[in-house]
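So the chains spell out like this:
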Amino acid sequence: LDLKKQKSIKEISKIINRTETSIRIKLKRLKISNDTYNVKHRQDKYKCNRLFLSYINPKNILDVYAGNSYYKKTTDIKVVDNDIKEIETDYTLDAFDFLFKFRKKKFDLVDLDPYGSAFDCFDLALQIAQKGIVITFGEYGHKRWRRSDYVKYRYNINTYQDFSPDKFNNYIIERGKIYNKDLSVFISKDYSNIIRTYFKIKLIKKSVSGKEYYKKIKL
C-alpha cells in the first residue's frame, strides 16, 4: 500500500518479483482488510441507502455482505446481518449458505454488497426480498481490463461496448419476473469499477398453478 502511493502496479511487480495480476489482487485484499476498499464512494453510497430506506420504509433487512454493518449501526430497523469475515455480525457464513438458511423467510429489503460478484446469490435474494433489493455489481470492474470471460455467459456481454449499467440492471429485472416480482430501478450508481443499484419491487399476482387449473377444468 505504501508503494502504491508513488509507484505504478507495473513498477511494484518488478520490485517484488510478482505478476501485475497478483499485485492487483493483493492490493484489493489489503484495502478490504484495512476498510479502504470503497472509501471513495462510501459517503455517496450511504446517502443513497438513506434515500432508499425512506422510500420503501422496510420493517426488516437481510444484509448479506454486511462489512461494517451500516444498517445495524445507523438505523433502528430490525437487521439480520452476515459477513464471512470474523466481525460483529449475526452470522459469519458464506453468502449463498446464509441466503439458503433464510430461503423460506421474507424480508422487506435484501442488500447484496460483495467485494466481487454476488451472481450466485441473485435467485435466492430475489425470492426473499419483498419491497426492495440492492445489488453491487463488482464484476462491472472487468470492463477496465476488457475482460468478458466472466460476464459473457451470465449477462450476455461479449464486447467492451456491451458493458453498461443497463445490461446488469435489466438482467435482474428480467430475473425477478420468474419469481412474480416487477422490479424497477430507483437509483443506479456507476462508480467506475462497480455499479450499485437500488431496485423497487412490486409483487405480481401469481397466475393459477397447473394443479389449480386442472381442478377448475374438472369442475
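Everything here concerns the structure above.
Residues numbered from 1 in each chain as written. Predicted model: local features only at pLDDT ≥ 70, side-chain atom pairs only at ≥ 80, totals over all residues. Heavy atoms only, no water.

Draft legend 1. Looking closely at unusual backbone geometry. Notably, N57 is not glycine yet its phi reads approximately 50°, a positive angle. Looking at where N57 falls in the secondary structure, it is placed in the loop between α3 (42-56) and β1 (60-63). With phi around 55°, R146 is a residue other than glycine that occupies positive phi space. Along the chain, R146 falls in the loop between β4 (129-137) and α7 (152-155). Assessed through its relative accessible area of 60%, R146 is described here as exposed. (Helix = DSSP H or I, 4+ residues; strand = E, 2+ residues; numbered from the N terminus. Buried < 20%, exposed > 50% of the residue type's maximum accessible area, 1.4 Å probe, protein only.)

Draft legend 2. Looking closely at the nonpolar core. Core analysis: the largest hydrophobic core is formed by 35 residues, its most contacted members being L62, L99, V110, L112, F122, I133 and F168. Secondary structure elements with two or more residues in this core: α5 (95-101), β3 (107-112), α6 (122-128), β4, α8 (165-178) and β6 (195-203). Sorting elements by how many residues they give to this core places α6 first, with five residues. Contacts of L99, omitting those with residues within four sequence positions, involve L62, V64, V110, L112, C121, L124, A125 and I128. In terms of nonpolar packing, the next biggest core, distinct from the first, is built from 15 residues, F52, Y70, V134 and Y191 among them. (Core = buried A, V, L, I, M, F, W, Y, C linked by side-chain atoms within 4.5 Å. Contact = heavy atoms within 4.5 Å.)

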